[in-house]
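# Descriptive analysis of the structure
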Amino acid sequence: MKQDACRDCFSGYIMYGNRTAGFFNLSAGAKTVWQKRVHPFLGVKWAHRGLHDKKRGIPENSFPAFRAAIEAGDGIELDVHLTKDGQLVVFHDDTFERICGRRGRVEDTSYEEMQKYRLAETKERIPLLSEVLQLVDGKVPLLIEVKLPNTDTKICRKLDEELRKYHGEYMIQSFNSLVLRWMKKHRNEIPRGQLSENLTKNDRTTHYLLRFCVKYLLSNCMCRPDFISYRWSDRKNPGLWLNRVLFKTPAAAWTLHGEKDVKAARRSFDMYIFEMS
């Protein structure tokens, strides 16, 4: 059964590739629609969760981390969750243990409760996306990762409402292809990227077939991403190679540690999500 499903998914992917190649004319010198949308962001170095630095007491996804990235002229990569009471917060993990030393899941917690939490034993609190947008104010581009641990795309609607008021440059990315499918249907003009890595390496709660399809980028036939955002250490994945060579899809590498990694990634990637160490 799983083999049949995988084969059907792969067949759809190839059909998508054939239609894409024919429609957009992937001959030398031609630019696809997605390449044009992503073009302003090519070559950008994205500070992963802001320019955070544990040694200097600057936690990830915090106001000081975002200010540091703005001062350095780097793009900002950040993460967005939807709280229990419908607020968009900038926070990476699904739970609070690692960063805040608290129990609980972000989606099950109100923003009012989160205000009691502090980031990495500092005075910094979990920011609202609206506050971060006000801080950045178009000074540098944003790469917003949408966290969707289920199938409820309410976060997409809330995010769209918030971003319609923002006038800076930004792109959207997510591991969950439902986010990209929603963006394609409702905000197709916004550049969207499929996040991926070797998702079948470890056993996780999500169905193996779904992880398999996202790992090999077979889900691209459904959500039609403008770019791929792939884990640097898993860059030898054949699905990534196929998209890069055959479909000419722009790609970002994550997470790069230091200038040595960034320099190496420039040979085969178009955008660079990095940390200082």
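Quick summary incoming for the structure in this document. (Residues numbered from 1 in each chain as written. Predicted model: local features only at pLDDT ≥ 70, side-chain atom pairs only at ≥ 80, totals over all residues. Heavy atoms only, no water.)

### Observations concerning the nonpolar core
With 47 residues, the main nonpolar core has Ile 76, Leu 78, Leu 142 and Ile 172 as its most contacted residues. With 5 residues, helix H3 (residues 63-72) is the largest single contributor of residues to this core. The contact partners of Ile 172, leaving out residues within four places of it in the chain, are Ile 144, Val 146, Leu 159, Leu 163, Val 179, Met 183, Ile 190, Pro 191, Arg 192, Gly 193 and Phe 227. (Core = buried A, V, L, I, M, F, W, Y, C linked by side-chain atoms within 4.5 Å. Buried < 20%, exposed > 50% of the residue type's maximum accessible area, 1.4 Å probe, protein only. Helix = DSSP H or I, 4+ residues; strand = E, 2+ residues; numbered from the N terminus. Contact = heavy atoms within 4.5 Å.)

### Description of the packing of H3 against helix H6 (residues 129-136)
At their nearest, the axes of H3 and H6 sit 10 Å apart, and the two run at 25 degrees to each other. On the basis of the axis angle, H3 is roughly parallel to H6. Both H3 and H6 take part in a crossing whose hand is right-handed. Across from Phe 63, Phe 66, Arg 67 and Ile 70 in H3, the residues of H6 making contact are Glu 131, Val 132, Leu 135 and Val 136. (Axes fitted to C-alpha atoms, helices over the stretch in contact; angles between N-to-C directions. Parallel < 35°, antiparallel > 145°, perpendicular 65-115°, else oblique. Left-handed = near helix turned anticlockwise from the far one by under 90°.)

### Structural notes on a positive patch on the surface
A contiguous patch of positive charge on the surface is contributed by Arg 235, Lys 236, Lys 263 and Arg 267. Within the element layout of this structure, Lys 263 appears in helix H12 (residues 258-265). With relative accessibility at 63%, the residue Lys 263 sits in the exposed group. (Patch = residues over 30% accessible without salt bridge, like charges linked within 9 Å, V, L, I, M, F, W, Y side chains within 5 Å. Areas by Shrake-Rupley, 256 points an atom, 1.4 Å probe, with all protein chains shown as cover. Salt bridge = Lys/Arg side-chain N within 4 Å of Asp/Glu carboxyl O. Lys, Arg positive; Asp, Glu negative; His and termini not counted. Charge placed at Lys NZ, Arg CZ, Asp CG, Glu CD.)

### Points about the pattern of salt bridges
Oppositely charged side chains can form a pair if their charged atoms are brought close together. Scanning the entire structure with this criterion turns up 16 salt bridges. With a shortest N-O distance of 2.8 Å, Arg 98 and Asp 93 are connected by a salt bridge. By relative accessible area, Arg 98 is classed as partly exposed at 47%. Classification of Asp 93 by relative accessible area gives buried; the value is 13%. In this structure, Glu 162 engages Lys 165 in a salt bridge whose closest nitrogen and oxygen atoms are separated by 3.7 Å. When its relative accessible area of 58% is taken as the criterion, Lys 165 is described as exposed.

### Quick word on unusual backbone geometry
Cis rather than trans, the peptide bond between Trp 254 and Thr 255 has omega equal to -25 degrees. With respect to the helices and strands, the residue Thr 255 is situated in strand E8 (residues 251-257). Here the phi dihedral of Arg 49 falls at roughly 60 degrees; this positive angle occurs in a residue that is not glycine. Looking at where Arg 49 falls in the secondary structure, it is placed in the loop between strand E1 (45-48) and H3.

### With respect to the packing of aromatic side chains
Taken as a whole and judged by the stated rule, the model has 6 aromatic pairs. When the centroid spacing of 4.9 Å and the interplanar angle of 75 degrees are considered together, the rings of Phe 96 and Tyr 117 count as edge-to-face. Of this pair, Phe 96 sits in the loop between strand E3 (88-90) and helix H4 (97-100) while Tyr 117 sits in the loop between helix H5 (111-114) and H6, and the two are 21 residues apart along the sequence. Residue Phe 96 is classed as buried on the basis of its relative accessible area, which comes to 0%. Joined through ring pairs, the aromatic side chains of Phe 91, Phe 96 and Tyr 117 make up one cluster. (Phe/Tyr/Trp six-rings, centres within 6.5 Å; stacked < 30°, edge-to-face > 60°.)

### So, the environment of Glu 131
Tracing the sequence through the fold places Glu 131 in helix H6. Separated by 41 residues in sequence, Glu 131 and Val 90 have C-alpha atoms that sit 9.5 Å apart. Excluding residues within four positions of it along the chain, Glu 131 makes contact with Phe 63, Tyr 111 and Arg 125.

### Focus on the environment of Trp 254
Among the structural elements, Trp 254 can be located in strand E8. In the structure, Trp 254 is positioned 19 residues away from Ile 273 in sequence and 4.9 Å away in space, judged by C-alpha atoms. Once residues lying within four places of it in the same chain are set aside, the contact partners of Trp 254 are Phe 175, Leu 195, Ser 196, Glu 197, Ser 229, Tyr 230, Arg 231, Trp 232 and Ile 273.

### Side note on the pairing of strand E7 (residues 227-231)
Counting buried positions along E7 gives 4 out of 5 residues, so the element sits mostly inside the fold. Sheet topology note: the strand E6 (residues 192-196)/E7 ladder contains 4 bridges and is parallel. Opposite Gln 194, over in E7, you have Ile 228 as the bridge partner. Pairing between E7 and E8: 4 bridges, direction parallel. Considered in E8, the bridge of Ile 228 is made with Ala 251. (Pairing = 2+ DSSP bridges.)

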